[in-house]
Amino acid sequence: MIRELVHRFYTEVRRDPLLGPVFEPRVHNWPEHLDKLCAFWSSVVLMTGRYKGRPMPAHIAISEISRTHFEQWLALFRATAKAVCPPQAAELFIDRAERIAESLHLGVSIHRGEGPFAAPVKFSSQPAGP
């Protein structure tokens, strides 16, 4: 399921007019990159420990990355997770993706001298609780 989610999702990312131009010039070996992303999601969701990379420096290095990119990435991810996964699994993947997006966005913002902010940016699709 992770493999199908990752492969289908990044097919959509590559086609996306906002995200495609960010990824295409940076990913030189898509099969290798997709394997790394499968290991990442395996580690995040199943706690397998397969992923050994450092995503923050990679995202900090993308000068044009903005909140809009994170929002679009999440919109595509949510739709793909709901299409590929059973409802409970989709919820889990989406929750983790939202947390990861918040963390990466905060890290990029701090690196650029734009944060931290008193109220962190939330990318959750769930309504805010009390």
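About the criteria used
- Residues numbered from 1 in each chain as written.
- Predicted model: local features only at pLDDT ≥ 70, side-chain atom pairs only at ≥ 80, totals over all residues.
- Heavy atoms only, no water.
- Axes fitted to C-alpha atoms, helices over the stretch in contact; angles between N-to-C directions.
- Helix = DSSP H or I, 4+ residues; strand = E, 2+ residues; numbered from the N terminus.
- Parallel < 35°, antiparallel > 145°, perpendicular 65-115°, else oblique.
- Left-handed = near helix turned anticlockwise from the far one by under 90°.
- Contact = heavy atoms within 4.5 Å.
- Salt bridge = Lys/Arg side-chain N within 4 Å of Asp/Glu carboxyl O.
- Buried < 20%, exposed > 50% of the residue type's maximum accessible area, 1.4 Å probe, protein only.
- Polar contact = N/O pair within 3.5 Å; in protein donor to acceptor, adjacent residues only side chain to side chain.
- Expected span 1.5 Å × (residues − 1).
- Nonpolar A, V, L, I, M, F, W, Y, C, P; charged D, E, K, R; others polar.
- pLDDT = per-residue confidence, 0-100.
- Phe/Tyr/Trp six-rings, centres within 6.5 Å; stacked < 30°, edge-to-face > 60°.

(A) Region of interest: the packing of helix H1 (residues 2–15) against helix H3 (residues 30–46). The contact between H1 and H3 brings their axes to 9 Å, and the two run at 125 degrees. By the angle between their directions, the pair H1 and H3 is classed as oblique. Like other packed secondary-structure pairs, H1 and H3 cross with a definite hand, here right-handed. The residues of H3 that touch H1, namely those facing Ile 2, Arg 3, Val 6, His 7, Tyr 10 and Arg 14, are Trp 30, Leu 34, Asp 35, Leu 37, Cys 38, Trp 41, Ser 42 and Leu 46.

(B) Structural view of the pattern of salt bridges. Counted according to the given criterion, the structure contains 8 salt bridges. Between Glu 12 and Arg 15 there is a salt bridge, with its nearest N and O atoms 3.1 Å apart. Of this pair, Glu 12 and Arg 15 both sit in helix H1, 3 residues apart, which is roughly one turn of that helix. Arg 15 sits in the exposed class, given a relative accessible area of 61%. The residue Arg 96 makes a salt bridge to Asp 95 at a minimum N-O spacing of 2.7 Å. We classify Arg 96 as partly exposed; its relative accessible area is 29%. Members of the salt-bridge network, linked through shared partners, are Asp 95, Arg 96 and Arg 99.

(C) Just the environment of Glu 24, in detail. Along the chain, Glu 24 falls in the loop between helix H2 (20–23) and H3. Through-space distance from the C-alpha of Glu 24 to that of Arg 14 is 6.9 Å; in sequence the pair is 10 residues apart. Sequence-distant contacts of Glu 24, that is, excluding residues within four places in its chain, are made with Arg 14 and Trp 30.

(D) Highlighting the side chain of Ser 43. Following the sequence through the fold, Ser 43 ends up in helix H3. One polar contact links the side chain of Ser 43 to the main-chain amide nitrogen of Arg 50, over a distance of 2.9 Å.

(E) Here's a closer look at helix H6 (residues 87–111). Compared with the 36 Å implied by 1.5 Å per residue over 25 residues, the 36 Å span of H6 between its first and last C-alpha is a close match. Positioned one or two residues after H6, Gly 113 has a phi angle of 80 degrees, which is positive.

(F) Spatial organisation of the packing of helix H5 (residues 67–84) against H6. Following both chains from N to C, one finds H5 and H6 inclined at 170 degrees, their axes separated by 9 Å at the closest point. Of the possible angle classes, the one that applies to H5 and H6 is roughly antiparallel. In contact with Arg 67, Phe 70, Trp 73, Leu 74, Phe 77, Arg 78, Ala 81 and Lys 82 of H5, H6 contributes Ala 90, Phe 93, Ile 94, Ala 97, Glu 98, Ala 101, Leu 104 and His 105. By residue class, the composition of the contact of H5 with H6 is 11 nonpolar, 1 polar and 4 charged.

(G) View of the confidence of the model for the chain. The predicted model of the chain has a mean per-residue pLDDT of 90, with 89% of residues at 70 or higher. Element-level mean pLDDT values for the chain span from 91 in helix H4 (residues 55–60) up to 98 in H1.

(H) Up close: the packing of aromatic side chains. This model, assessed by the stated rule, comprises 11 aromatic pairs. For the pair Phe 40 and Tyr 51, a centre-to-centre distance of 5.1 Å together with 85 degrees between the ring planes defines the contact as edge-to-face. Taken as a pair, Phe 40 in helix H3 and Tyr 51 in the loop between H3 and H4 lie far apart in primary sequence, 11 residues in all. The interplanar angle of 55 degrees and the centroid separation of 5.9 Å between the aromatic rings of Trp 41 and Phe 93 together place this pair among those described as tilted. Separated by 52 residues along the polypeptide, Trp 41 in helix H3 and Phe 93 in helix H6 bring together distant segments of the chain.

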